[in-house]
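# Remarks on the overall topology
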Amino acid sequence: MKILLHSMNFAPELVGIGKYSSEMAQWLGAKGHEVRVIASPPFFPHWAVFEGHSGWAYRRAEWNGVTVWRAPTWVPSRPRALARMAHLMSFMLSSLPLLLAQSRWRPDVVVVVEPPLFCAPGVLFFSKLLGIKSWLHIQDYEVDAAFGLGLMRGGRMRRGALALERWLLGRFNRVSTISAAMLDKAKDKGIAPDRLVLFPNWANVRSIRPCAPADRDAGNPASGYRATLDIPSDAVVVLYAGSLGNKQGIELLAEAAALLADSPRIHFVFCGNGPSRASLMAACLRLRNVRFLDLQPADRLNELLGVADIHVLPLRADAADLVMPSKLAGMLASGKAVIATAHPGTELSRAVSGRGLVVPPGDARALADAIARLAQSPPQREAMGAAGRAFAEAELDQDAILQRFERELLRCVAG
């Protein structure tokens, strides 16, 4: 097939949507499909254009067998509501000429990734103009999330935005999303079941492998991080690795670390970048049990995840079932127990149950108590980690998920 991927986020971004869009494009290209990508300059999660890239010029490059066009995009250093809207609008406008230029190439299908939904009208126009198939892949329900997280307000504005979203979704040949709960939400928005596809985020279970605590003193690579961070080999490490943004409820991590400041065996490592990093560092300023790391290179991901005894996954209650944290796949594949903040019955709660512990969102005491409980029970941590690894191998394997996606793409194009 000739596949055009319209994804604002793309490599070399290491986390979030960019990671999955680039891995998907690379995998499809390796299978013999001709893949082209329209993206912004890389900026996430730092909210600054990466060195060597331009926010003001069109660029074209070859990346792992994939042709990538970069559209100039304004990137705000503080992505608040209006600034974020202007940021998305700038990409929508600047990417449109690149999209229309692909009419000579005439792809078989164009896949657009949400966010941003702003790009959906242009993609629909392009697909109708050429008579080709259109596919919307939803990583986040950004309209619901924007109002749920308080980034946008107003009943009339919300009704209008949701009505426009519903109209746009209904015009794509296929709509996919990353969890069963998000698929149900698409049905609620009027999408016919025969046009819906479950396309979850994945983990490379061959490159992310369990690191047994007993091996740390026998040359295990994860011991390198402990040495660098001056953490004893017998300490219990609680790791958060990912973007530090609004929907994560990051402030809860500092509160939990403060509550466990008198537990000398429990150490916290917070790895990542984003708008909330500075406030998190300020809240942890006097906590001797907390270490910070910048976002680490992709080739050290397995080593980083292996340093953990416990992964923590905070998420604000008002973001539940509007997003599914992509970092969960790697956590489960690493074979370590996970503690997530989620209400019972949510998709995140169901995914973690039996493979870790689930505590109420916003409850620092409950999070701290769960950490202390698992810190005192290595057998329970190991059992939960093994269950998570088994689930990742059975349900989250990269090749299996992308093979199913490829089959659905072929069906869509042939239909």
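Residues numbered from 1 in each chain as written. Predicted model: local features only at pLDDT ≥ 70, side-chain atom pairs only at ≥ 80, totals over all residues. Heavy atoms only, no water.

## Some remarks on the overall build of the protein
A count of helices and strands for the protein gives 15 helices and 14 strands. A compact globule built from 415 residues would reach a C-alpha radius of gyration of about 22 Å, and the protein, at 21 Å, matches this within 12%. Counting over 415 residues, the protein shows a buried share of 57%. Distance between charge centroids for the protein: 6 Å, based on 48 positive and 37 negative side chains. (Helix = DSSP H or I, 4+ residues; strand = E, 2+ residues; numbered from the N terminus. Rg over C-alpha atoms; globule rule 2.2 N^0.38 Å. Buried < 20%, exposed > 50% of the residue type's maximum accessible area, 1.4 Å probe, protein only. Lys, Arg positive; Asp, Glu negative; His and termini not counted. Charge placed at Lys NZ, Arg CZ, Asp CG, Glu CD.)

## Observations regarding the layout of surface pockets
If you add up the space inside the second largest pocket, you get close to 370 Å³. Looking at the second largest pocket, it is lined by 19 residues, and the ones nearest its centre are Ile178, Pro200, Glu347, Phe391 and Leu396. Of all the secondary-structure elements, those providing two or more residues to the lining of the second largest pocket are α11 (327–333), α12 (347–352) and α14 (378–395). Within the lining of the second largest pocket, the residues separate by chemical class into 12 nonpolar, 3 polar and 4 charged. (1 Å grid on protein atoms, 1.4 Å probe; cavity = no way out; pocket = protein on both sides within 12 Å on 5 of 7 lines; lining within 4 Å. Points joined across faces, edges and corners; volume = space filled by probe spheres on them. Nonpolar A, V, L, I, M, F, W, Y, C, P; charged D, E, K, R; others polar.)

## Some details on the packing of helix α1 (residues 17–30) against helix α15 (residues 398–414)
The packing of two helices is summarised by the inter-axis angle and the distance between the axes. Running from amino to carboxyl end, α1 crosses α15 at an angle of 70 degrees, the nearest separation of the two axes being 11 Å. Overall, the two elements α1 and α15 adopt an arrangement that is roughly perpendicular. In contact with Glu23, Met24, Trp27 and Leu28 of α1, α15 contributes Gln398, Asp399, Leu402, Gln403, Phe405, Glu406 and Leu409. Broken down by class, the residue content of the contact of α1 with α15 amounts to 6 nonpolar, 2 polar and 3 charged. (Axes fitted to C-alpha atoms, helices over the stretch in contact; angles between N-to-C directions. Parallel < 35°, antiparallel > 145°, perpendicular 65-115°, else oblique. Contact = heavy atoms within 4.5 Å.)

## Some details on the packing of aromatic side chains
Under the defined criterion, the tally for this structure stands at 8 aromatic pairs. Ring geometry for Phe270 and Phe292: centres 5.6 Å apart, planes at 75 degrees, overall edge-to-face. Of the two residues, Phe270 sits in strand β10 (residues 266–271) while Phe292 sits in strand β11 (residues 290–293), which places them 22 residues apart along the sequence. Of the residues examined, Phe270 reaches a relative accessible area of 0% and is grouped as buried. Of the aromatic side chains, those joined through ring pairs into one cluster are Tyr20, Trp135, Phe199, Trp202 and Phe405. (Phe/Tyr/Trp six-rings, centres within 6.5 Å; stacked < 30°, edge-to-face > 60°.)

## With respect to the confidence of the model for the protein
Taken residue by residue, the protein gives an average pLDDT of 93. The fraction at 70 or more is 95%. Segment residues 214–218: pLDDT under 50, and 11 contacts once partners within four positions in sequence are set aside and those in other chains are kept. (pLDDT = per-residue confidence, 0-100.)

## Regarding the pattern of salt bridges
If you walk through the whole model with that rule in mind, you get 14 salt bridges. Note that Lys187 and Asp184 form a salt bridge whose closest N and O atoms lie 3.9 Å from each other. Of this pair, Lys187 and Asp184 are both found in helix α6 (residues 180–188), 3 residues apart, which corresponds to roughly one turn of the helix. Notably, a salt bridge pairs Arg277 with Asp294, separated by 3.3 Å at the nearest N-O pair. Taken as a pair, Arg277 in helix α9 (residues 277–283) and Asp294 in the loop between β11 and α10 (301–306) lie far apart in primary sequence, 17 residues in all. Residue Arg277 is classed as buried on the basis of its relative accessible area, which comes to 13%. When its relative accessible area of 45% is taken as the criterion, Asp294 is described as partly exposed. A network of salt bridges, in which partner residues are shared, links Asp144, Glu165 and Lys189. (Salt bridge = Lys/Arg side-chain N within 4 Å of Asp/Glu carboxyl O.)

## As for the environment of Pro200
Within the fold, Pro200 resides in the loop between β8 (196–198) and α7 (222–228). Discounting chain neighbours no more than four positions away, the residues touching Pro200 are Thr177, Ile178 and Ile401.

## Some remarks on helix α13 (residues 364–375)
With 12 residues, α13 extends 16 Å from end C-alpha to end C-alpha; this agrees with the ideal 16 Å at 1.5 Å per step. α13 sits mainly inside the fold: 9 of its 12 residues count as buried. Inspection of α13 places Ala364, Ala366, Leu367, Ala368, Ala370, Ile371, Ala372, Leu374 and Ala375 among the buried residues, and these make up the whole buried set. (Expected span 1.5 Å × (residues − 1).)

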